[in-house]
Amino acid sequence: MNYPLTTLYPGHAERIPFFHFHPGIRTVSVGTYGCNLNCRYCMNQHLLNEPALFYDLAPEQVADKAAAARTGLISFSANEPAVSFPYFIDIAQAAREKSIMTGCSTNGLFTEGQLIILGSEISCANISLKGPDTKFYREVCRGGSFEQVVQTIEALHERGVHVEVTTPYVPSMTRHGMMHIAATISGISRSIPWHIFRLLPEYEYRDLPRTGIVDMIELKNEAGDLLDYIYLENFANSIWVDTLCPRCGELVFKRVSTGGCGATLFDARIREGCCPACGSPVPFTGEVCMDPGDDGVEKDPRKGVIEVGGWKSVVDMAGCLPAEHDRPAPLDGFISENPYPGDMDAASDAWVTDTALASVDACSPDLVVATYAQCAFIARHREDEQAYREFVGIAHQEIKRLIAETGYDYLVVGLGDMVPAKGTINLEKHIQGIASADDGIACLYHAGPEDAEAVSGLEGVQAVYPRERFGELLGTDLDPDLYGEYFVIPEQGWRFLAFSSVGRFSHRIDSLDPYVPVFTSLAVPPHLSDIRRIVSGAVTSGRKVVLFMVDGVGNRHFPFDKAPVSNSVGGIPYGSTLHQYMVVSTGRTLNPHFFAYPHWKSRPNINPFSRHAPFNSDCLTADLGRSGRTAVSIGNRSIMTHTAFPADLTIECHCTSLHHHGTLEVIA
Ligand code: SF4
């Protein structure tokens with residue numbers, strides 16, 4: 001392996017974040033491995049201390065992928081670019097050959113020689129100024145110096161590189177210290193955007209409280225005398241990610257915060273570089289480049305409550321915008337008092353049961369969809385068979401508790417075992433185009449016969465199908481606007497490394513079982529796709545049902561008497577739990593939403609929590625709505641809870657790095 005690339009992920013510059021640089025521009029995030037600091041709060045530990053998967057792409061290949069993905073910017077943003085500086089610069093030079101810009105997010109600890117090179121090779125940098133003095137750097141970051149980072153900001157700003165600054169707001173940092181940082185940036189230019197990042201409990205700071213959002217707002221107000229553009233980030237539904245005119249307060253750029261770093265551009269009202277109301281200049285670099293945003297996905301007209309730990313807000317699901325409470329939300333108090341404990345916490349599955357029982361008390365729904373995903377999280381991220389078995393036992397107890405306490409009929413489906421990861425199929429290294437993949441299936445875009453042939457010969461590949469042939473096997477037409485030219489199926493235990501892979505290493509992956517176990521008081525479905533019909537029929541005939549989806553548990557460990565249910569179509573097993581959720585919900589296979597590549601949109605027509613719209617109105621929960629029955633959906637497989645089972649009431653967790661972030665409740 002020559003090129004230590006660990007990250008190759010599509011997105012927009014606002015997610016890096018760059019808010020004043022070519023607003024709305026598509027970018028490919030790249031990164032390698034390691035850092036020159038060891039911050040006690042680091043959120044990227046998996047890129048520093050865990051095993052990594054490497055794409056091994058030469059700089060020219062990285063530039064080719066970015067061009068194939070129609071991006072204008074490559075952002076070196078996953079880890080510290082200084083640790084792979086020559087590779088970073090080679091990528092920048094290869095990108096320039098294709099008229100693609102390069103930027104980075106960095107801790108700013110470059111040598112003078114590196115700064116000179118950066119000044120001529122990159123277009124933008126988001127520099128993290130982590131603390132108010134070198135003492136802070138020594139104690140919290142275990143290296144670095146305040147003065148050196150400030151020099152980097154000054155040097156790149158003077159050399160014409162577009163500069164934005166980020167500060168993680170550590171709870172132990174004083175207001176005085178944060179104001180010193182604001183004054184320092186202002187001394188260089190009061191127009192430099194300052195991103196204040198809410199620190200979540202991570203790594204050695206896991207026991208610290210989250211930074212208070214009220215505290216962040218007060219800081220923003222105080223520092224507003226020093227800096228024109230201050231943004232508050234890393235919590236869902238932040239309304240402080242918009243750009244307002246510093247002179248008259250008019251909205252200039254509207255953004256949506258779905259949590260995490262940065263935001264998504266929603267609307268650009270700027271007029272020839274100026275405020276649309278008072279005409280004052282609003283400095284930003286480059287052109288506004290927004291995609292047309294609407295892919296016809298049905299909007300959700302409801303409102304959601306987002307509770308992110310110490311702060312609660314309401315969001316208009318249709319517009320993805322902050323809204324007002326206009327009626328009391330069911331379980332409003334419950335979700336504040338019972339925060340999701342985190343994917344790796346022993347109480348995670350108990351949270352699902354407790355929350356489902358509270359929803360039954362509150363609404364007496366006809367259907368409860370309850371997803372228990374903790375066994376899968378443990379199997380993926382811990383190499384500990386004993387722990388896995390303990391968590392299967394917990395899931396068993398929690399499912400039995402929900403059945404007993406509701407008295408509902410039940411259908412429990414185990415979505416399959418997790419098998420040890422045998423190896424990785426590095427698709428990107430071997431194709432000219434780009435690939436999108438889940439466990440169990442990959443789709444190749446901009447790919448020709450030579451790509452198919454190259455992939456066919458790779459170890460771990462079971463079959464490669466042209467799109468039309470694959471559609472025949474599935475018994476469905478595959479829209480060429482949504483799906484690439486080829487589909488790839490792996491052998492058992494092999495995972496893909498593709499353009500949109502989540503780079504985190506997994507000890508185990510989803511298995512490719514042709515049958516999965518079901519335990520039910522209803523009729524046994526012959527196939528996963530029959531579950532929709534059976535559950536819908538039972539509920540519309542007046543029975544109350546809990547549908548349990550249990551991730552990471554298959555025939556080997558299923559803790560109930562089991563009936564085997566077909567888990568394949570056209571001879572191809574559903575290898576990914578994501579697809580299984582869709583099949584259970586809709587009775588059909590394949591969902592283009594989880595092939596991310598064709599779905600990048602600047603303007604969200606999407607769920608404000610996860611950015612995935614609910615699947616469609618042709619699904620199990622929609623059946624019930626049409627017959628006047630009600631459904632709630634509760635789960636710790638966060639995105640799937642609302643995407644596959646859009647319900648009258650949805651309560652799901654929202655996590656970063658497997659830890660607790662918050663809870664979303666959709667108000668009926
Ligand atoms: S500089 Fe960033 S990646 Fe490096 S240790 Fe600190 S937080 Fe982690």
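The rules behind each value
- Residues numbered from 1 in each chain as written.
- Predicted model: local features only at pLDDT ≥ 70, side-chain atom pairs only at ≥ 80, totals over all residues.
- Helix = DSSP H or I, 4+ residues; strand = E, 2+ residues; numbered from the N terminus.
- Rg over C-alpha atoms; globule rule 2.2 N^0.38 Å.
- Buried ≥ 20, exposed ≤ 12 C-beta atoms within 10 Å, placed from the backbone.
- Contact = placed C-beta atoms within 7 Å.
- Domains from an automatic or database assignment.
- Near = placed C-beta within 6 Å.
- Nonpolar A, V, L, I, M, F, W, Y, C, P; charged D, E, K, R; others polar.
- Axes fitted to C-alpha atoms, helices over the stretch in contact; angles between N-to-C directions.
- Parallel < 35°, antiparallel > 145°, perpendicular 65-115°, else oblique.
- Pairing = 2+ DSSP bridges.
- Left-handed = near helix turned anticlockwise from the far one by under 90°.

Draft legend 1. Examining the overall build of the chain more closely. A count of helical and extended segments in the chain gives 18 helices and 32 strands. Computed over the C-alpha atoms, the radius of gyration of the chain is 25 Å, within 12% of the 26 Å expected from 2.2 N^0.38 for a compact globule of 668 residues. Reported as C-alpha extents along the three principal axes, the dimensions of the chain are approximately 70 × 60 × 50 Å. A total of 668 residues make up the chain; the buried ones form 54% of that total. A sequence separation of at least 24 residues applies to 73% of the contacts in the chain between residues at least 6 apart.

Draft legend 2. Summary view of the domain arrangement of the chain. The domain architecture assigned to the chain consists of domain 1 (7–242), domain 2 (340–419 + 508–652) and domain 3 (422–497). Distance from the C-alpha centre of domain 1 to the C-alpha centre of domain 2: 37 Å.

Draft legend 3. Representation of the site of the ligand within the structure. Residues in contact with the ligand, as listed here, are C35, L37, N38, C39, C42, N44, N79, E80, N107 and C141. A per-class count over the shell around the ligand returns five nonpolar, four polar and one charged.

Draft legend 4. The packing of helix 10 (residues 374–381) against helix 11 (residues 385–406), seen in detail. Look at helix 10 against helix 11: their axes get within 9 Å of each other, and the N-to-C directions meet at 175 degrees. In terms of orientation, helix 10 lies roughly antiparallel with respect to helix 11. Only A387, Y388, F391, V392 and A395 of helix 11 make contact with helix 10, whose side of the interface consists of Q374, C375, I378 and A379. For the contact of helix 10 with helix 11, the residue count by class is eight nonpolar, one polar and no charged.

Draft legend 5. Representation of the sheet that holds strand 21 (residues 461–466) within the structure. Sheet architecture is open: four strands sit in the order 19-20-22-21, paired in antiparallel fashion. Because the sheet does not close on itself, it has two edges, and the strands there are strand 19 (434–438) and strand 21. Neighbouring strand axes in the sheet, compared pairwise and without regard to direction, differ in orientation by 20 degrees on average. Most of the contacts of helix 13 (residues 449–456) go to strand 21, to which it runs at about 165 degrees, and overall it touches strand 20 (441–445), strand 21 and strand 22 (486–490). Where helix 14 (residues 467–474) meets the sheet, its contacts fall on strand 21 and strand 22, and the angle it forms with strand 21 comes to roughly 100 degrees.

Draft legend 6. View of the pairing of strand 15 (residues 367–372). The buried fraction of strand 15 amounts to six of the six residues, a majority that puts the element mostly inside the structure. The side-chain alternation of strand 15 yields two buried faces, one formed by L367, V369 and T371 and the other by V368, A370 and Y372. The sheet contact formed by strand 15 and strand 26 (residues 545–550) spans six bridges and is parallel. Bridging across to strand 26, V368 finds its partner in V546. The pairing of strand 15 with strand 30 (residues 631–635) spans five bridges and is classified as parallel. Paired with V368 across the bridge in strand 30 is V632.

Draft legend 7. The arrangement of the sheet that holds strand 9 (residues 243–244) in detail. Ordered by their spatial adjacency, three strands build an open sheet running 9-10-11, and the pairing between neighbours is antiparallel. Looking at the sheet topology across the chains shown, the edges are occupied by strand 9 and strand 11 (264–268).

Draft legend 8. Inspection of the environment of C320 at higher detail. Relative to the helices and strands, C320 is located in the loop between strand 13 (312–316) and strand 14 (321–323). With 24 C-beta atoms counted inside 10 Å, the residue C320 sits in the buried group. Along the chain, C320 and R255 lie 65 residues apart, while their C-alpha atoms are 9.6 Å from each other.

Draft legend 9. Inspection of unusual backbone geometry at higher detail. Between I16 and P17 the backbone carries a cis peptide bond, its omega angle lying at 5 degrees. Relative to the helices and strands, P17 resides in the loop between strand 1 (7–12) and strand 2 (26–31). With phi around 40 degrees, H22 is a residue other than glycine that occupies positive phi space. Among the secondary structure elements, H22 is positioned in the loop between strand 1 and strand 2. Phi angles above zero are rare outside glycine, and L331 is one such case at about 65 degrees.

Draft legend 10. Focus on the packing of helix 6 (residues 175–188) against helix 7 (residues 213–223). Close contact between helix 6 and helix 7 brings their axes to 10 Å; oriented N to C, the two are set at 40 degrees. When the interaxial angle is binned, helix 6 and helix 7 end up oblique. Helix 7 is crossed by helix 6, and the crossing has right-handed handedness. The residues of helix 7 that touch helix 6, namely those facing R175, M178, M179 and A182, are L219, E222 and A223. Tallied by class, the residues present in the contact of helix 6 with helix 7 amount to five nonpolar, no polar and two charged.

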